[in-house]
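Topology and contacts: notes
As a plain string of letters, each chain reads:
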Amino acid sequence: MNLSHGLTNKLVYLAILILMLIPLFLLGQPSSGGGERSGGQLTQMRDDFDISVADLGEINPASETMKLSTLGLRGPAVTLLWNKAHDQQVAHQWDRYRATLNNISLLQPHFEKVWEFQAHNLSYNISAQFDDYRQRYAWVTGGTEYLSKGVRQNRKAPALVWHTGWYYGQKLGMSDEKKEFRELFRDDKPLHERIRAEGIDMDSNETLGPDRKPDNWLVGRQWLQRGYRMTREGGIPLRRKTPLHFYETGPKWLFNYAIAIEREGELSDAAQRAWQNASSGWDEYSQLTIPTTAEFTIRLGELEELRRKIEEQEAEFETLTGGLKEKIRAERLADLGDEQKKLMAIPAEERNERQNLEVADLQRNITPSAMEVAQSMPREKKVEALELADAITLSKRRLDKVVGYRQQVNFDYWATRAAAEQTDEMLEARRLVYEAEQLMDEAKLDQAIEKYDQAWGKWAAVFDEYPLLTFDNSSDDLMDSLERYQEAIDSEEFGEDFPLKEFVAMRESGAMDVEHYHQLVQEQRDRNAEQDGRDKVLDLDFQQMMLEAQKSNQTAEGDEAAEDEAAAESDEAVEGEAAAEGETAAEGEAAAEEEAPAPMESEPAEADEADEAEADEPADADEAAEAGEPDESAEDEGEPEVEEVEAAEQ
């Protein structure tokens, strides 16, 4: 009786299990491929949210088979494999370690951190275990190819694409063995073919270096550009990377490429073109819309635009509110205690650091914000004042974000360096130092000293024009060159007339702090603004020269017409009966000549082009001032162009 009852219970349980499998099968039924909504509910939901295996990346039958073979125990299996990989790495069992990594990637193909962690392990940790740089290079590129495999398995992972571009640039281009790594990469044709199979054009000018071989920095940038297209054009959201630094890396790789080829001795037009491309990339980056932690987006290049906007808004707000802001400030100042008032009365040059901080804090407390001023406005103007105060507050918040984000990426420094490196003076300075270093290696001290002496003058001129570069990493290299120069001249001291004496003293004294850096940033901005204003004045002067030259030519042509008319009247007195016909012809000729210069104002194509070409020639302030004076020589130079236009019209 009991046995029969136990058997009955087992059969009931079995029947319940079978019945439960039916809805599970219906929910998880795979797609038949016959329609858009085929398959079970879970399959349809995976298709709706684009998280099916086919949507995520390349389908790997081996991966699906391994996941099914674990019978729901994939988590414990993965944990065992990770522990096994660690033990094999410690024991230096590299072949077994690679096999274990392959199994891990088969069980976790869509877990992005697996690919990132193990690729870093291959390229950075395991490669350092070998002495031969060729073996290190093999493990570094093994890490990059491991990431490439992860990219194929995860088509919607721009972070993986970014890491791939980062490894090709940073690991191959900034390691201790960067010289050897870059040479190996340039000649690694099998690797080039594998990269080409991933969709990277290895034959374009954007990939090839000066020797017409693929450059690791440029190849890395191509990977980064691929990630940018995924987020900008493909609409794939960016996860686990801040947009500011995600989009910064591509332009930075152009900078690093230009630096790398210069250090390798490529100090020709190719280096200048590389810096021009880097500058263009930085300008494009400055115009990108960058999401922030606030509710608005910014552009790094809108700094001056925001400052002008705030000035205009504050001027409008001041006009609307009158002297209310100063009135409120005066009332708050009067409410301060005696000690605080005494502190405020101390001249700025006589305060110590603590007093300066206290005064700055008091100034912030007594100065009302725009919103506080708007709250105190009369009712009839209060709404307008509040709206304008809110706009000012938003603009200032945007400005703070722009300033902070620019500091994070060292924006002003890279913009300044890109401008400086394109100049012939900077290129010549680097060339002279490079040649001097080569001569030092060949023990040709006298020739090396001569090159060094020429280079220091060039560097001094560059630092005078671009003071921000004194914080440059290349200035560290310059200090190394200065030490070698001291060895060559057998002296630890520089002469009083040494061009870089101030630079050396500043570096040795450690005066290059953060405050000094920001001071140099502002100084560089003022220089750039002054140069922009000078260029604008230069353009206006040349336009004035062109107009005055045209007026002078028209006056000269009018005088010629008057002389022709007088000659015609003289002929009339002599000719007698033919005077009427002669007078008619002379008047027709005079009218035609008087009207001929008129089209000059509407169609001076050749004259305008010639004047514009001349306007681009002055390079410094003195030349600009000379070019801006509409003297007689400038008018004489414009006359032949006017005569050519008249001849063409006639």
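Conventions and cut-offs
- Just so you know, the residues in each chain are numbered from 1, in the order the chain's sequence is written.
- Residues qualify for local features only when their pLDDT is at least 70, as the model is predicted, and side-chain atom pairs are given and counted only at 80 or more; totals for whole chains, interfaces and linings, by contrast, use all residues.
- Excluding hydrogens and water, the side-chain figures rest on all heavy atoms present in the structure.
- Each helix is a run of H or I in the DSSP string that is no shorter than four residues. Each strand is a run of E no shorter than two, and both are numbered from the N terminus.
- Using a 1.4 Å probe on the protein chains alone, a residue whose accessible area is under 20% of its type maximum counts as buried, one over 50% counts as exposed, and one in between counts as partly exposed.
- We call two residues contacting when some pair of their heavy atoms lies within 4.5 Å.
- Note on areas: Shrake-Rupley with a 1.4 Å probe; residue coverage comes only from the protein chains shown.
- Think of the arc as the fan of directions from the helix axis to the C-beta atoms.
- Two aromatic rings, drawn from Phe, Tyr or Trp (for Trp, its six-membered ring), form a pair once their centres lie within 6.5 Å of each other, and the interplanar angle then sorts them: stacked below 30 degrees, edge-to-face above 60, tilted otherwise.
- Placement of a positive charge over a ring is assigned whenever Lys NZ or Arg CZ falls within 6 Å of the ring centre and within 35 degrees of the normal to the ring plane.
- Helix axes use the C-alpha atoms of the stretch in contact, all axes being lines fitted to C-alpha atoms, and the angles between their N-to-C directions lie in the range 0 to 180 degrees.
- When describing relative orientation, an angle under 35 degrees is termed roughly parallel and one over 145 degrees roughly antiparallel, while 65 to 115 degrees is termed roughly perpendicular and anything else oblique.
- For any helix crossing, the convention is left-handed if the near helix is rotated counterclockwise from the far helix by under a right angle, and right-handed if that rotation is clockwise.
- Two N or O atoms form a polar contact when they lie within 3.5 Å of each other; inside protein one atom must be a possible hydrogen donor and the other a possible acceptor, and for residues adjacent in sequence the pair counts only when both atoms belong to side chains.
- Here the term patch refers to residues with relative accessible area over 30% and no salt bridge, with like charges joined within 9 Å and nonpolar side chains (Val, Leu, Ile, Met, Phe, Trp, Tyr) within 5 Å.
- The salt bridge definition used is simple: a Lys or Arg side-chain nitrogen within 4 Å of an Asp or Glu carboxyl oxygen.
- When residues are grouped by polarity, Ala, Val, Leu, Ile, Met, Phe, Trp, Tyr, Cys and Pro land in nonpolar, Asp, Glu, Lys and Arg in charged, and all others, Gly among them, in polar.
- On a scale of 0 to 100, pLDDT captures the predictor's confidence in every residue.
- For this analysis, a nonpolar core means a set of buried residues of the types Ala, Val, Leu, Ile, Met, Phe, Trp, Tyr and Cys, connected via side-chain atoms within 4.5 Å.
- Multiply 1.5 Å by the residue count of a helix minus one, and that product is the helix's expected span.
- None of His or the chain ends enter the tally, which takes Lys and Arg as positive and Asp and Glu as negative.
- A charge is said to be at NZ when it belongs to Lys, at CZ for Arg, at CG for Asp and at CD for Glu.

**Here we look at the overall build of the chain**
Counting secondary structure elements, the chain contains 30 helices and two strands. Looking at the chain as a whole, 38% of its 650 residues are labelled buried. Long-range pairs, those at least 24 residues apart, make up 68% of the contacts in the chain with a sequence separation of at least 6. When the accessible surface of the chain is summed, it comes to about 37,500 Å², and 50% of that surface belongs to carbon and sulfur atoms.

**So, helix α11 (residues 189-197)**
For an α-helix the count is 3.6 residues per turn, leaving residues at separations of three or four pointing the same way. Of the positions making up α11, those classed as buried are L191, H192 and I195. Seen along its axis, α11 keeps its buried residues to an arc of 105 degrees; they face one direction. For α11, the exposed residues lying more than 90 degrees away from the buried face are K189, P190 and A197. Structurally, α11 contributes buried residues whose contacts are with α8 (133-153), α9 (158-174), α10 (178-186) and α12 (216-232). Phi turns positive one or two residues past the end of α11, at G199, with a value near 100 degrees.

**Looking at the packing of aromatic side chains**
The full count for this structure, using the stated rule, is 30 aromatic pairs. Considering the side-chain rings of W282 and F411, the 5.4 Å spacing of their centres and the 25 degrees angle between planes classify their relative orientation as stacked. In this pair, W282 sits in helix α14 (residues 269-286) while F411 sits in helix α21 (residues 411-421), placing the two residues 129 residues apart along the sequence. When the ring of Y452 is compared with that of W456, the centres are 5.3 Å apart and the planes differ by 10 degrees; the resulting orientation is stacked. Residue Y452 and its partner W456 are located together in helix α23 (residues 445-465), separated by four residues, close to a single helical turn. The same class applies to Y452 and to W456, which are both buried. Clustering of aromatic rings is evident, with ring pairs tying together F255, W275, W282, Y285, F411, Y413 and W414. When the ring centre of W162 is taken as reference, the NZ or CZ atom of K241 above it lies at 3.5 Å.

**Concerning the packing of α12 against helix α13 (residues 243-263)**
Direction vectors running N to C along α12 and α13 enclose 165 degrees, while the axes themselves pass 9 Å from each other. One way to sum up the angle between α12 and α13 is to call them roughly antiparallel. In the packing of α12 onto α13, the handedness of the crossing is left-handed. From α12, W217, L218, G220, R221, L224, G227, Y228, T231 and R232 reach across to α13, where they touch F246, Y247, E248, T249, G250, W253, L254, N256, Y257 and A260.

**Quick notes on the side chain of T249**
As for its position among the elements, T249 is in helix α13. A relative accessible area of 4% places T249 in the buried class. A polar atom in the side chain of T249 sits 3.0 Å from the side chain of W162. Within the structure, T249 has its side chain in polar contact with the backbone oxygen of H245 (distance 3.0 Å). Excluding its chain neighbours within four sequence positions, the residues that come into contact with T249 are W162, W166, L224 and Y228.

**Topic: a nonpolar patch on the surface**
A contiguous nonpolar surface patch, about 500 Å² in accessible area, is contributed by V12, Y13, I16, L17 and M20. Considering the arrangement of structural elements, one finds I16 in helix α1 (residues 2-28).

**Here we look at the pattern of salt bridges**
Between side chains of opposite charge, pairing is possible as soon as their charged atoms come close. Applying the stated criterion to the full structure yields 36 salt bridges. Between E302 and R398 there is a salt bridge; the shortest N-O distance is 2.9 Å. With E302 in the loop between β2 (297-298) and α15 (303-321) and R398 in helix α20 (residues 379-408), this pair connects stretches of sequence that are 96 residues apart. The burial state of E302 is the same as that of R398; both residues are buried. Two residues, R307 and E304, come together in a salt bridge whose shortest N-O distance is 3.4 Å. Highlighted residues: R307 and E304, both in helix α15, separated by three residues, approximately one helical turn. Look at R307 and you get partly exposed, because its relative accessible area is 26%. What makes E304 partly exposed here is its relative accessible area of 39%.

**Focus on the packing of α8 against α9**
Contact geometry for α8 and α9: axes closest at 9 Å, N-to-C directions at 165 degrees. One element, α8, and the other, α9, form an angle in the roughly antiparallel class. As α8 runs across α9, the sense of the crossing is left-handed. Contacts between α8 and α9 involve Y137, V140, T144, L147, S148, G150 and V151 on the former and, on the latter, L160, V161, H163, T164, Y167, Y168, K171 and L172. In terms of residue class, the contact of α8 with α9 is made up of nine nonpolar, five polar and one charged.

**Quick notes on the confidence of the model for the chain**
The predicted model of the chain has a mean per-residue pLDDT of 79, with 73% of residues at 70 or higher. Considering only residues more than four positions removed or in separate chains, one finds that residues 535-547, a stretch of pLDDT under 50, has 16 contacts. Low pLDDT (under 50) marks residues 572-650, which in the prediction has 55 contacts with non-local residues, meaning those over four places away or in another chain.

**Re the environment of E302**
Take E302: its relative accessible area is 3%, and that puts it in the buried class. It is 8.5 Å that separates the C-alpha atoms of E302 and L399, two residues lying 97 residues apart in sequence.

**Notes on the nonpolar core**
If you look at the biggest cluster of nonpolar residues, it comprises 67 residues, and the most contacted ones within it are W456, W459, L482, L500 and F503. With 11 residues, the top contributor of residues to this core is α13. Non-local contacts of L482, meaning those with residues more than four positions away in its chain, are made with W456, F494, F498, L500, F503 and V504. Of all hydrophobic cores here, the second largest spans 36 residues; its members include Y146, V151, A157 and F181.

**What to know about α15**
Compared with the 27 Å implied by 1.5 Å per residue over 19 residues, the 27 Å span of α15 between its first and last C-alpha is a close match. One or two positions beyond α15, positive phi appears at G322, with a value near 70 degrees.

**A few points about a negative patch on the surface**
Residues D269, D424, E425, D464, E465 and E502 make up a contiguous surface patch of negative charge. Tracing the backbone through its elements, the reader meets D424 in helix α22 (residues 424-441). A relative accessible area of 58% places D424 in the exposed class.

**Let's talk about the environment of D453**
With respect to the element layout, D453 can be found in helix α23. The partly exposed category is assigned to D453, whose relative accessible area is 39%. In this structure, the C-alpha to C-alpha distance between D453 and A436, residues 17 residues apart in sequence, is 9.5 Å. Among the polar contacts listed, one links the side chain of D453 to the side chain of Y485, at a separation of 2.7 Å.

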